[in-house]
Amino acid sequence: MSEVLRQGVNQESAHTEGHHNGNGLSFWEKWHRGESFFSKYVFSMDHKVIAKQFLLTGMFWGVMGGLLSLVFRLQLAYPDTPIPFFEVILGKWGEGGILDPNFYNSLITIHGTVLVFFVLTGGLSGTFANLLVPLQIGARDMASPFLNMLSYWTFFLASVIMFVSIFLPWGPAASGWTAYPPLSALKELPNMGIGMDLWLVSIVLFIISALFGGLNYVTTILNMRTKGMTMARLPLPVWGMFIASVLGLLSFPVLLAAGVLLLADRHLGTSFYLSEIFFNGQALPNYGGSPILYQHLFWFLGHPEVYIIIIPAMGLVSEVLAVNSRKPIFGYTAMVISMASIMFLSFLVWAHHMFVSGMNPFLGSMFMYMTLAIAIPSAVKVFNWLFTIWRGNLRLTPAMVFALGFVATFIIGGLGGIFLGNAVNDILLHDTYFVVGHFHVVMGVSALLAMFAAIYHWFPKMFGRMMNRTLGYIHFLFTIIPALLVFVPMHHMGMAGVPRRYYSFQSFDYLAQWQDINLFITTMAIIGFSGQLIFFYNFFYSIFRGKKPSSNNPWKATTLEWTTEEMAPGHGNWKGQVPTVYRWAYEYSPPYLKDTDYVPQHIPPEQIKKEPVKVSEPVE
Amino acid sequence: MTFGEFMLLVAGIFILAWIVFAIGHLIELNKDPEEFTDSHNKRTAWAMFIIIYVGGMLASAYSVWYYLERKLPEPAAQQGVWIQTINDLNVLATGIVFVITTTMLFLYIIKYYGRKGRKAQYIPGKIKVEMMIVAGVAIGLMILILPSGYYWFQIMTPAPKDAIKVEVTGYQFAWMFRYPGPDGKFGKRDWRLINPDNPLGIDPNDPAGHDDIVTTEFKVPVGKPIALHIRSRDVIHSFFIPFFRMKMDAVPGVPTFMWFTPKYTTVQMREKTGNENFVYEVACAELCGSGHSSMRTTIDIVEPQEFEQWLNKQTAWYETYKNKQVIAEMK
Ligand code: HEM
Ligand SMILES: [Cu+2]
Ligand SMILES: [Cu+2]
């Protein structure tokens, strides 16, 4: 393999020249090479270390978010029973074992926020864009390693602020992750004071981090591809990161603006979102603003945000499916075009979250049509995945099993979207448990399964060892089964008119019958959470004690990340030269091959052992 | 289940999980993680098929049955009938697509699991197939959306001229109603005039408001179009009538509208549901603070003559207001 590597001479820069002598390096270059503890593990500029930092932070928030949800799930299961340990863990918010309703709202707020932003955006794209973009396009690092480091540390700061806000005596924000004003603007409301300000500051920092990261990914993908790596040869994870980053760069600033205006309404006496409010026994002076303006600004990001999460997930899953089906991805170009059209359409559907906000019905109907249009590229992707495994030779690795689970759950979630995108149906379903079921199936389950698939698949690349396979399967079962049992019934609850964000179902006669299902859901949630402990054990155990892969390409994949000399490469990724690319990333089982069933991207055509192509040779 | 039993159950599940887990860990120790034998793939494929697919389909069927036992009674407003029809249409259409695609997925898994000596077929995709997918999905969606395009405007058009007007105001954490009185006109409102005697901030100098009726009771006649003018005094709320399948946000500073024609009186609905305590409950569907989940009110749907009688018995808001002002001045 290494002879082959050395054949591809290309784009070597001063960057690697200094590789074997440490003299005369700039300060940044020394830092980048990570020679001290600090520059190697903490303030590292190496994209692989930054990827791990994102992953660990994401995992931390995953646990945190999960624990928060268990607390409010227990409340829903036992709304009138004092739960003694609430007082122990929550202090004044759980006095006498009764959860404070404001704190319930805080719990759902922080749960939603950290899972959407910190786990599924930071943890998922942050990790895999960082890990895979340079490795799969054949670059030694990001275009700006420094900005990349800054991106993580801004994210870290956002995390710290959010974390601190949870424990302050004034209570964490309680406005829901959507933070609609006037609720979020009235700082005299319980839990809407300092907690809400910290929430906003944290989100602003997170957006800055996402912009730093996104700029870097886009620049890197456009400028740093190795010789021969045309855009049309990019592996799909890279396309996913690219498209999601462009989407983020265009939409995140709008949320930034929304957040800053909200801060102004809170503290500078402005009236962007406020008008005609009588509150706390007095009429507020604000006049002329509109809470609907905030909703437009929020969902102009909020909708793209869900695709910022799912598009990278789609890319990662496409790769895992192709590698383990030993078959090219079906419709590579269609996959790229559909991702691009999802991105484009994402900007034209945001008001489907606002069908019943009093918006002009004509506008509503337009948004209904655009929303259903976005289902078309989504369906193209689903069928392409199905056709990818069709007539494949499926190697059912844990990663593959998770990727298949992604496809199964994405189907359910996408079909739920058809109900909600239908404006008439949304009059019933908006702000009911149907919405909760829908987005948890697509994000909470689907995107999370994709993230696990990617972790199992690229774990050797990150840590140089393999994860325990059997535990991977057990983890899969302990994840998908409880997750579906939690979220599918919620669709039915929504159709039966159960509103979301309810502290208890006690006040309504027509909700009482759902109490038993609440208990069931809570039990399943606990089981699902316990399943994640298996993953955590496997993850940390395997970092230190996992089996070493027998070769540097354990999955027999075609992409460049598996061509590094070391399983978990160090600074600069390739010790020798960066390989040149000769073909697309999905040359699996081409009929002309003899002994193997794949041709890596970097193998020159003349080195392929071919056999004469037999005409008509159906596999089945 | 009591809380104690529940905790026991959970503890049991945990212990079970950890036993399975320990076994799994040991099994793998003497295996090569890169070796995927035929039997390994076969076992995994069939396990997925049976546990996830067969189990999932059975669970879905059970879940649908469970839902049918608990679903809302027949919609009690014409608009709700349309909404429910669209919803059922969606259930049917997506149900079919769900079964087809999921079956494809899992059939492929048990059919094409990896075996030595077998080779995947090299199919990079065909533009024709992609075009067919796009066309098929587009046509399917178009058919699905056509009736909705029509009903949406039926539901969202301005209310008919002869509709009975009622103003709904949400505030933390209750609802208040205003009827326009004999003149059929609401008096002007200004939030700066709100005080305990004038909870809606009706302008006392506007004669149109003098006969307005302010009440916490919501009564409407059956069979007549009812036009709601929805407002909020503080944060966003949402006026959600599950039995009509309808909701509309109440937004401070931005009036919103909704209209419907009730089909059954409360009494009729009691007979239909066989529940003698049945009332049309109204919920708040937009997070509005700590009392969100108890922001309940009810609609009483009555025969038209009963409605007239009830309305005639109400005193106009201004009468009480005026008297209170007089008393205040005397003090
Ligand atoms: C076929 C594609 C999809 C369609 C047509 C669709 C449609 C919708 C609609 C109309 C809503 C608004 C419902 C309401 O509030 O009344 C919604 C909510 C939501 N969707 Fe989707 N969706 C699709 C896929 C996705 C995907 C892939 C994700 C995420 C990965 C996602 C995440 C969400 C989230 C987070 C919300 C709720 C936000 C909230 O109110 O808190 N959706 N979806
Ligand atoms: Cu959306
Ligand atoms: Cu509310």
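Just so you know, these numbers come straight off a predicted model, no measurement behind them.

Draft legend 1. Structural view of the overall build of chain B. Across its full length, chain B carries seven helices and ten strands. The globule rule puts the C-alpha radius of gyration for 331 residues at 20 Å, and the 30 Å found for chain B is more than 25% above it. When its C-alpha atoms are laid out on the principal axes, chain B stretches across 100 × 55 × 40 Å. Here chain B, with 331 residues, has 50% of them falling under the buried criterion. Long-range pairs, those at least 24 residues apart, make up 70% of the contacts in chain B with a sequence separation of at least 6. When the accessible surface of chain B is split by element, carbon and sulfur atoms take 64% of a total near 15700 Å². In chain B, the 33 positive side-chain charges and the 32 negative ones have mean positions that sit 8 Å from each other.

Draft legend 2. Up close: the coordination of the copper ion (ligand 2). Residues and elements named next belong to chain A. The coordination sphere of the copper ion (ligand 2), as far as protein atoms go, consists of His-303 (ND1), His-352 (NE2) and His-353 (NE2), spread over 1.9 to 2.1 Å. Mapping the donors of the copper ion (ligand 2) onto the primary sequence gives the spacing H-x48-H-H. Taken as a pair, the copper ion (ligand 2) and the iron atom of ligand 1 lie 4.6 Å from each other. Since its relative accessible area comes to 13%, His-352 is described here as buried. Judged by relative accessible area, which is 21%, His-353 ranks as partly exposed.

Draft legend 3. Structural detail: the coordination of the copper ion (ligand 3). All names here are of chain B. At this site the copper ion (ligand 3) is bound by Cys-284 (SG), Glu-286 (O), Cys-288 (SG) and His-292 (ND1), with donor distances of 2.1 to 2.5 Å. Considering all four donor atoms around the copper ion (ligand 3), the spread of angles at the metal, 90 to 126 degrees, places the coordination shape in the tetrahedral class. In primary-sequence terms, the residues that donate to the copper ion (ligand 3) follow C-x1-E-x1-C-x3-H. Taken as a pair, Cys-284 and His-292 share a single burial class, namely buried.

Draft legend 4. Representation of a nonpolar patch on the surface in the model. Judged by side-chain polarity, Ile481(A), Trp46(B), Ile50(B), Ile51(B), Val54(B) and Leu58(B) come together as a nonpolar surface patch covering roughly 510 Å² of accessible area. At five residues, the largest contribution of residues to the nonpolar patch is made by helix H2 (residues 38-70) of chain B.

Draft legend 5. View of the packing of helix H5 (residues 47-77) of chain A against helix H16 (residues 433-463) of chain A. Residues and elements named next belong to chain A. Between H5 and H16, whose axes approach to 13 Å, the crossing angle comes to 145 degrees. Considering only the axes of H5 and H16, their crossing is left-handed. Each of Lys-52, Leu-55, Arg-73 and Leu-76 in H5 lies in contact with H16, whose residues at this interface are Tyr-433, Met-451, Ile-455, Met-462 and Phe-463. For the contact of H5 with H16, a count of residues per class yields seven nonpolar, no polar and two charged.

Draft legend 6. Fine view of the site of ligand 1. Residues and elements named next belong to chain A. Taken together, 21 residues lie near ligand 1, and Trp-177, Asp-426, His-430, His-438 and Arg-500 sit nearest. Between a nitrogen atom of ligand 1 and a side-chain N or O atom of His-438, the distance comes to 2.9 Å. One of the side-chain nitrogen or oxygen atoms of Arg-500 is found 2.9 Å away from an oxygen atom of ligand 1. For the shell around ligand 1, the secondary-structure elements that each account for two or more residues are helix H11 (291-325), helix H14 (398-421) and H16. Residues that form the shell around ligand 1 fall into these classes: eleven nonpolar, eight polar and two charged.

Draft legend 7. Geometry of the interface of chain A and chain B. Taken residue by residue, the interface counts 146 residues in chain A and 120 residues in chain B. Of the roughly 11800 Å² buried at the junction of chain A and chain B (both faces included), carbon and sulfur atoms supply 70%. Its largest share of buried area at the contact with chain B, chain A owes to Phe278(A), Ile427(A) and Arg469(A), together 7% of the area lost on that side. Counting across the interface, chain A meets chain B through two salt bridges.

Draft legend 8. Inspection of the sheet that holds strand S2 (residues 174-179) of chain B at higher detail. Residue and element names in this part refer to chain B. One open sheet accounts for five strands, arranged S3-S2-S1-S5-S8; its pairing is mixed. In this open sheet, the two edge strands, each paired with only one partner strand, are strand S3 (213-215) and strand S8 (256-260). Between one strand axis and the next, the sheet turns by 25 degrees as a mean value, whatever way the strands run. Contacting strand S1 (164-171), S2 and S3, helix H6 (residues 304-313) runs over the sheet at an angle of about 95 degrees to S2.

Draft legend 9. Region of the structure containing the pattern of salt bridges. Residues and elements named next belong to chain B. The tally for this structure, following the rule as stated, stands at 19 salt bridges over all chains. The shortest N-O distance in the salt bridge between Glu-167 and Arg-178 comes to 3.0 Å. Within this pair, whereas Glu-167 is found in strand S1, its partner Arg-178 is found in strand S2, the two being separated by eleven residues in sequence. We note that Glu-167, like Arg-178, is buried. A salt bridge links Arg-178 to Asp-212; its shortest N-O distance comes to 2.7 Å. With Arg-178 in strand S2 and Asp-212 in the loop between S2 and S3, the pair connects residues that are 34 residues apart, well separated along the chain. Residue class for Arg-178 comes out buried when judged on its relative accessible area of 1%. We classify Asp-212 as buried; its relative accessible area is 0%. Each of the salt bridges in this network shares a partner with another, and the network as a whole consists of Glu-167, Arg-178, Arg-189, Asp-212 and Arg-231.

Draft legend 10. Structural detail: the confidence of the model for chain A. Overall, the prediction assigns chain A a mean pLDDT of 90, with 94% of residues at 70 or greater. A low-confidence stretch, residues 1-21 of chain A (pLDDT under 50), is modelled with 43 contacts involving residues beyond four sequence positions or located in other chains.

Draft legend 11. Spatial organisation of the packing of aromatic side chains. According to the stated counting rule, one finds 85 aromatic pairs over all chains in the structure shown. Judged by centre distance (5.6 Å) and plane angle (85 degrees), the ring pair of Phe463(A) and Phe539(A) falls under edge-to-face. Taken together, the positions of Phe463(A) in helix H16 and Phe539(A) in helix H18 (residues 515-545) put the pair 76 residues apart, joining distant regions of the chain. Comparing Phe463(A) with Phe539(A) shows no difference in burial state: the two are buried. The cationic tip of Arg469(A) hangs over the ring face of Phe36(B); the distance from NZ or CZ to the ring centre is 4.7 Å.

Draft legend 12. View of the sheet that holds strand S6 (residues 237-241) of chain B. All names here are of chain B. Ordered in space as S4-S10-S9-S6-S7, the five strands form an open sheet in which the pairing is mixed. Two strands close off the open sheet at either side, each with one partner strand: strand S4 (219-221) and strand S7 (246-250). The mean angle between the axes of side-by-side strands here comes to 25 degrees, regardless of whether they run parallel or antiparallel. Two elements, S6 and strand S9 (residues 280-284), share two bridges in a ladder whose sense is antiparallel. Within S9, the residue paired with Phe-239 across the bridge is Cys-284. Helix-sheet contacts for H6 involve S4 and strand S10 (297-302), and the interaxial angle to S4 is about 140 degrees.

Draft legend 13. Spotlight on helix H10 (residues 236-267) of chain A. Residue and element names in this part refer to chain A. For H10, spanning 32 residues, the distance from its first C-alpha to its last is 45 Å, which sits close to the expected 46 Å at 1.5 Å a residue. Along H10, the sharpest change in direction is near 30 degrees and occurs at Leu-249; proline Pro-253 comes one to four residues later. The element H10 is extensively covered by neighbouring structure, given that 23 of its 32 residues are classed as buried.

The rules we used
- Residues numbered from 1 in each chain as written.
- Chains lettered and ligands numbered in written order.
- Predicted model: local features only at pLDDT ≥ 70, side-chain atom pairs only at ≥ 80, totals over all residues.
- Heavy atoms only, no water.
- Helix = DSSP H or I, 4+ residues; strand = E, 2+ residues; numbered from the N terminus.
- Rg over C-alpha atoms; globule rule 2.2 N^0.38 Å.
- Buried < 20%, exposed > 50% of the residue type's maximum accessible area, 1.4 Å probe, protein only.
- Contact = heavy atoms within 4.5 Å.
- Areas by Shrake-Rupley, 256 points an atom, 1.4 Å probe, with all protein chains shown as cover.
- Lys, Arg positive; Asp, Glu negative; His and termini not counted.
- Charge placed at Lys NZ, Arg CZ, Asp CG, Glu CD.
- Donors = N, O, S within 2.8 Å, 3.2 Å for Na, K, Ca; no water.
- Tetrahedral: all angles 85-135°; square planar, octahedral: opposite > 155°, others 65-115°.
- Patch = residues over 30% accessible without salt bridge, like charges linked within 9 Å, V, L, I, M, F, W, Y side chains within 5 Å.
- Salt bridge = Lys/Arg side-chain N within 4 Å of Asp/Glu carboxyl O.
- Axes fitted to C-alpha atoms, helices over the stretch in contact; angles between N-to-C directions.
- Left-handed = near helix turned anticlockwise from the far one by under 90°.
- Nonpolar A, V, L, I, M, F, W, Y, C, P; charged D, E, K, R; others polar.
- Near = heavy atom within 4 Å.
- Polar contact = N/O pair within 3.5 Å; in protein donor to acceptor, adjacent residues only side chain to side chain.
- Buried area = accessible area lost by both parts, 1.4 Å probe.
- Pairing = 2+ DSSP bridges.
- pLDDT = per-residue confidence, 0-100.
- Phe/Tyr/Trp six-rings, centres within 6.5 Å; stacked < 30°, edge-to-face > 60°.
- Lys NZ or Arg CZ within 6 Å of the ring centre and 35° of its normal.
- Expected span 1.5 Å × (residues − 1).
- Bend = angle between axes of the 7 residues up to and from the residue.

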